[in-house]
Each structure stands twice: as C-alpha cells, then as structure tokens.
Amino acid sequence: MNAAKENTFRALRDEELLVTSFWCRFGWHTWTKYREPELVREGIYKLTIQERRCGSCNVANRRVLNKD
C-alpha cells in the first residue's frame, strides 16, 4: 500500500499521518497559505492568530498578529 492510501486510512481512524516528503525530516516543509485570522482567548489575553500547515506531514505553524 502506498503512503497516500495509508494516510487516508489513518485520517479516518484519527491517527497521526505518515510523512510523505523526504524534506520534512530536515524541517523543510511545503506550507499552505495562512488561514483567516481568528480571535482566541488564552488566559487573560485575547490573541489574533493565523495558522498554516505542511501539505506533506500536517505539522502546524501559527503566528500571533495581535495580543491584547
């Protein structure tokens, strides 16, 4: 079974996906575009954040736009 089929089954079972890109092991990811900003409350702060994910290994990266 190839990695794409295996990842489909893993996603349906809510398991962690396999890395499908060789470069992800070295930290070189193929990032998607940032999502729309969203307001999140963490402790006493209100954060405006954006998130993006790697298209191959699904690692998340987020940036804080505003901290009130």
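Structural data are supplied above this passage.
Thresholds applied
Residues numbered from 1 in each chain as written. Predicted model: local features only at pLDDT ≥ 70, side-chain atom pairs only at ≥ 80, totals over all residues. Heavy atoms only, no water. Salt bridge = Lys/Arg side-chain N within 4 Å of Asp/Glu carboxyl O. Helix = DSSP H or I, 4+ residues; strand = E, 2+ residues; numbered from the N terminus. Buried < 20%, exposed > 50% of the residue type's maximum accessible area, 1.4 Å probe, protein only. Patch = residues over 30% accessible without salt bridge, like charges linked within 9 Å, V, L, I, M, F, W, Y side chains within 5 Å. Areas by Shrake-Rupley, 256 points an atom, 1.4 Å probe, with all protein chains shown as cover. Phe/Tyr/Trp six-rings, centres within 6.5 Å; stacked < 30°, edge-to-face > 60°. Lys NZ or Arg CZ within 6 Å of the ring centre and 35° of its normal.

Undergrad: Explain the pattern of salt bridges here, please?
TA: Two side chains carrying opposite charge are able to pair once their charged atoms lie near each other. Under the counting rule described, the total for this entry stands at 5 salt bridges. Of the charged contacts in the structure, one is a salt bridge between Arg10 and Glu6, with a shortest N-O distance of 3.2 Å. With a gap of 4 residues between them, Arg10 and Glu6 both fall in helix α1 (residues 3-12), about one helical turn apart. Its relative accessible area of 22% is what places Arg10 among the partly exposed residues. For Glu6, a relative accessible area of 21% corresponds to the partly exposed category. The salt bridge partner of Arg13 is Glu6, with a shortest N-O separation of 3.9 Å.

Undergrad: Just to check I follow, could you spell out a nonpolar patch on the surface for this structure?
TA: Taken together, Phe22, Trp23, Phe26 and Trp28 make up a surface patch of nonpolar side chains, about 520 Å² in accessible area. For Trp23, a relative accessible area of 44% gives the class partly exposed.

Undergrad: How do you make sense of the packing of aromatic side chains when you look at a structure like this?
TA: One pair of aromatic rings is described through two measures. These are the centre distance and the angle between the planes. Counting across every chain of the model gives 5 aromatic pairs. When the ring of Phe26 is compared with that of Trp28, the centres are 6.4 Å apart and the planes differ by 50 degrees; the resulting orientation is tilted. Given the relative accessible area of 55%, Trp28 is considered exposed. Taken together, the ring pairs connect Phe22, Trp23, Phe26 and Trp28 into an aromatic cluster. Seen from the ring of Tyr34, Arg63 lies directly overhead, with NZ or CZ sitting 3.8 Å from the centre. Here the guanidinium or amino end of Lys67 rests over the ring plane of Tyr45, the centre of that ring lying 4.4 Å away.

Such coordinate-based values are descriptive only and should not be taken to indicate function.
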